[in-house]
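Examining the three-dimensional arrangement
For reference, the chains in residue letters:
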Amino acid sequence: MTNEEALAQLWQQNGSDIAAAITEVFTAKAVAEGRTVDAADLLEVTGVLLTAAREIAKLADDNADGQRDARYAMLLRSHADAVELGS
């Protein structure tokens with residue numbers, strides 16, 4: 001395994017750990033409300049993760065050329081394509 005592959009694997013695991021932690025919070029909220037987790041809860045988790053990703057992207061890009069939003073949209077499209085292709 002190359003260093004790049006190892007780093008990609010580590011990032012994937014970190015992303016999975018973060019998603020699990022956030023999902024656990026939403027699950028606890030549902031249980032405290034006396035209900036089971038439903039699709040709306042899971043979509044809310046996805047929204048939280050996308051909002052966090054957007055805020056991180058803002059920190060990583062000074063937008064000097066005014067193209068930050070376009071770059072972030074391109075990143076989202078890239079990820080969406082990877083999901084669609086099963087990567």
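These notes cover the structure that comes with them. Throughout this document, residue positions are counted from 1 along each chain, in the order its sequence is written. Local features in this predicted model are restricted to residues of pLDDT 70 or higher, and side-chain atom pairs are both shown and tallied only at a pLDDT of 80 or more, whereas totals for entire chains, interfaces and linings draw on every residue. Excluded from the side-chain calculations are hydrogens and water; all other atoms, namely the structure's heavy atoms, are used.

**Things to note about unusual backbone geometry**
Using the following cut-off: Only DSSP runs of H or I reaching four residues or more are called helices, and only runs of E reaching two or more are called strands; each is numbered from the N terminus. Each residue gets one of three labels from its accessible area relative to the maximum for its type: buried under 20%, exposed over 50%, partly exposed in between, using a 1.4 Å probe on protein chains only.
Non-glycine residue asparagine 63 carries a positive phi angle of around 60°. In this structure, asparagine 63 sits in the loop between helix H2 (39-60) and helix H3 (68-84). We classify asparagine 63 as partly exposed; its relative accessible area is 27%.

**Focus: the pattern of salt bridges**
The test is simple: Any Lys or Arg side-chain nitrogen found within 4 Å of a carboxyl oxygen on Asp or Glu counts as a salt bridge.
Applying the stated criterion to the full structure yields 6 salt bridges. Notably, a salt bridge pairs arginine 54 with aspartate 69, separated by 2.3 Å at the nearest N-O pair. With arginine 54 in helix H2 and aspartate 69 in helix H3, this pair connects stretches of sequence that are 15 residues apart. Taking relative accessible area as the criterion, aspartate 69 reaches 49% and is therefore assigned partly exposed. Through salt bridges that share partners, Glu33, Arg35 and Asp41 make up one connected network.

**Here's the deal with the layout of surface pockets**
Filter applied, for reference: In the cavity and pocket records, a cavity denotes points on a 1 Å grid over the protein atoms alone where a 1.4 Å probe fits but cannot get out, a pocket denotes an open set with protein on both sides within 12 Å along at least 5 of 7 lines, and lining residues are residues with an atom within 4 Å of a point. Grid points are joined across faces, edges and corners, and a volume is the space filled by probe spheres set on the points.
Looking at the largest pocket, its volume works out to about 1,200 Å³. Contributing to the lining of the largest pocket are 26 residues, with Trp11, Gly15, Leu49, Ala53 and His79 lying nearest its centre. When contributions to the lining of the largest pocket are tallied by element, the ones reaching two or more residues are helix H1 (3-32), H2 and H3. No other element matches the 9 residues that H3 contributes to the lining of the largest pocket.

Honestly, it's all geometry; don't read function into it.
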